[in-house]
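What follows is the residue order along each chain.
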Amino acid sequence: RARSSWSWCWAMHPRSWESPWKRGRRLGHASPLMGEPLERGPALVEQHYHCGMIALRRRNDIETRYAHNFVAGDVILVLAPIGVAFPKKDFLVVTFVGVLPPPPRWSDLAPPILFVVGLVLSALDLVKIVQVSVALAVFFVLGGWVKAADIREIVDWQLLILIGSALGLAQGMQESGLADALARIVLAAPLPRPVAPTVLYVLVVVVTELVTNNAAAALGVPLAISLAKEMGLKSEKPLVGMVMFAASTSYACPIGYATNLMVKGPGGYNFWDFLKIGAPMDLLWIAGVSLVLPLVWPYEFV
């Protein structure tokens, strides 16, 4: 299967400077681009180099910025088959940027299909999630979809350490009685008893906004179990469901979730932008989940 590569091509004039990397030569007068109109660039690049012109960057000066022809210092981005040679007399520097992935095959549908099958089997308690994960990992490596050398980089070790630490802290909360004490404090508040799950939701939301959703879930589950016991509920599922939704309610702070940080920089957002838009969304989720979740998992008292 043919693949293509991205390449930067620096077009330079004979009287211009040499590349600081000393990788090219000064452009000769025979270049087919120099002096030609910009609109003819794609056709000339395809005609002379058998590749496609994607973009053009002008030199950062007033004389060049408003020129309608190719001049010294122009940079073009092209999509070319791997192995295509660019004459040194035409370009001072040719920089390889990256490789496009090969076109998908029918066999590439196997990983997502097997992943869904694994989730279904795990959800039905037919196979343990650990067994599914290990089996899929081995299959993906043997099938060539994941390189064995990349596994160390693919696994987020910091996240695993964080989850493991949070689970240990959660176990410590249960063993020390801290979770029971916090549950009694929530119930002792001068609020109606049915509001206690909403208080639990708010506490978990605060943790997930300031730390991470994984830590919030690990800390919130033992508190939910203790609160369910103190309230006299037959099952802790309603309150654990509260924790599940609350741990994913991270809209008012950019540090609570990875995707928030991903859009913060490129979008030019600050903390106040997240707060003024995310806080109303948090309140909407708190009210919505508090009203709808008991309809799915009713509060049944002993």
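What counts as what
Residues numbered from 1 in each chain as written. Predicted model: local features only at pLDDT ≥ 70, side-chain atom pairs only at ≥ 80, totals over all residues. Heavy atoms only, no water. Helix = DSSP H or I, 4+ residues; strand = E, 2+ residues; numbered from the N terminus. Phe/Tyr/Trp six-rings, centres within 6.5 Å; stacked < 30°, edge-to-face > 60°. Buried < 20%, exposed > 50% of the residue type's maximum accessible area, 1.4 Å probe, protein only. Pairing = 2+ DSSP bridges. pLDDT = per-residue confidence, 0-100. Contact = heavy atoms within 4.5 Å.

Turning next to the environment of Val78. You can see Val78 is positioned in strand E3 (residues 75–81). Placed 27 residues apart in sequence, Val78 and Cys51 show a C-alpha to C-alpha distance of 6.6 Å.

Take the packing of aromatic side chains next. Scanning the entire structure with this criterion turns up 5 aromatic pairs. Ring pairing ties together the aromatic residues Phe139, Phe140 and Trp145, which thus form one cluster.

Burial runs high along E3: 5 of the 7 residues are buried. Relative to E3, strand E2 (residues 52–57) runs antiparallel, the two sharing 5 bridges. Bridging across to E3, Ala55 finds its partner in Leu77.

With that settled, the discussion passes to unusual backbone geometry. Excluding glycine, most residues fall at negative phi; most peptide bonds, likewise, are trans. The backbone of His50 shows a phi angle near 55°, a positive value even though the residue is not glycine. Here His50 lies in the loop between helix H1 (41–49) and E2. Even without being glycine, Asp125 reaches a positive phi, approximately 60°. In this structure, Asp125 sits in the loop between helix H3 (110–123) and helix H4 (129–143).

Our next topic: the confidence of the model for the protein chain. Note: predicted coordinates in regions of low pLDDT should not be interpreted at a detailed level. Residue-level pLDDT values for the protein chain average 78, and 86% of them are 70 or greater. The lowest-confidence element of the protein chain is strand E1 (residues 4–10), averaging 48 in pLDDT; the highest-confidence one is H3, averaging 91. Confidence drops under a pLDDT of 50 for residues 1–28, and excluding neighbours within four residues, the segment shows 100 contacts in the predicted structure.

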